[in-house]
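Tertiary structure, described
Read off the chains here:
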Amino acid sequence: MGRTPSSKEDAQALFHSLRSAYAATPVNLKIIDLYVGFAVFTALIQVVYMAIVGSFPFNSFLSGVLSCVGTAVLAVCLRIQVNKENKDFKDLPPERAFADFVLCNLVLHLVIMNFLG
């Protein structure tokens, strides 16, 4: 019988293929990925802080977390629109996609500021 690769070897092969595929990603998409990671990390820090200290002004906690999550979602939408390999948005110029991102962030944060009271 042939030897089947272990799950550790499968995981290493998967990580190697993902790493080599991500190395070919354009720099502007990597910057957007860092921004999404920062927004998600900030939301996680707020949730951990709320779990440790408490959530006395609960709308402040909700506003902060929803702001981070909303910004991350909008950045993912920007990444999808700016990606050259995505054929659905091939006619959309990157400047228009960035303008949509900025406008939607403005609306999001106006709603968040209104929610704070």
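The structure displayed is predicted, hence computed values, not measured ones.

**A look at the overall build of the protein**
For the protein, the count of helices and strands is four helices and zero strands. Along the protein, helices (α) and strands (β) appear in the sequence α-α-α-α when read from the amino end. Relative to the compact-globule value of 13 Å for 117 residues, the protein shows a C-alpha radius of gyration of 19 Å, a clear excess of over 25%. Over its C-alpha atoms, taken along the principal directions, the protein stretches across nearly 65 × 45 × 20 Å. Across the 117 residues that make up the protein, the buried fraction comes to 22%. Expressed as a percentage of contacts within the protein between residues at least 6 apart in sequence, the contacts between residues at least 24 apart total 65%. Within the structure as shown, the protein displays about 8,900 Å² of accessible surface, and the carbon and sulfur contribution to it stands at 71%. Side chains of the protein give 9 positive and 8 negative charges; the mean places of these two sets differ by 5 Å.

**Quick look at helix H4 (residues 94-116)**
Between the first and last C-alpha of H4 there are 33 Å, a value that for 23 residues agrees with the 33 Å anticipated at 1.5 Å per step. Lining the buried residues of H4 we find helix H2 (27-53) and helix H3 (58-82).

**Digging into a nonpolar patch on the surface**
Together, Leu-103, Leu-106, Val-107, Leu-110 and Val-111 make up a nonpolar patch on the protein surface, roughly 480 Å² of accessible area in all. Along the polypeptide, Val-111 turns up in helix H4.

**Things to note about the UniProt feature "transmembrane region" (unreviewed entry) in the protein**
As recorded in UniProt, the feature "transmembrane region" (unreviewed entry) lies at residues 34-52, 58-78 and 98-116. Taken end to end, residues 34-52 is 100% helix and 0% strand, and its two terminal C-alpha atoms sit 27 Å from one another. Between the first and last C-alpha atoms of residues 98-116 the distance is 27 Å; the span itself is 100% helix and 0% strand.

Cut-offs and rules
Sequence order as written defines the numbering, with residues in each chain counted from 1. Given that the model is predicted, a residue must reach a pLDDT of at least 70 before its local features are reported, and side-chain atom pairs must reach 80 or more before they are shown or counted; all residues, however, enter totals for whole chains, interfaces and linings. The side-chain numbers reported here are obtained from all heavy atoms of the structure, hydrogens and water having been left aside. In this text, helices come from DSSP runs of H or I with a minimum length of four residues, and strands from runs of E with a minimum of two, each type numbered from the N-terminal end. Using C-alpha atoms as the atom set, the radius of gyration is obtained and then compared with a globule rule of 2.2 Å times the number of residues to the power 0.38. Burial classes: relative accessible area under 20% of the type maximum marks a residue as buried, over 50% as exposed, and values in between as partly exposed (1.4 Å probe, protein chains only). Should any heavy atoms of two residues lie within 4.5 Å, those residues are considered in contact. Note on areas: these come from Shrake-Rupley sampling with a 1.4 Å probe, and a residue is covered only by the protein chains present in the view. Here Asp and Glu are counted as negative and Lys and Arg as positive; His is not counted, and neither are the chain ends. All charge positions are set by atom: Lys at NZ, Arg at CZ, Asp at CG, Glu at CD. Under the convention used throughout, the expected extent of a helix is 1.5 Å for every residue step, that is, one less than its residue count. Patch membership requires over 30% relative accessible area and the absence of a salt bridge. Like charges are linked within 9 Å, and nonpolar side chains (Val, Leu, Ile, Met, Phe, Trp, Tyr) within 5 Å. Think of a salt bridge as a Lys or Arg side-chain nitrogen and an Asp or Glu carboxyl oxygen that are within 4 Å of each other. UniProt positions are given in the numbering used here, feature names are shortened, and annotations may be inferred rather than shown by experiment.

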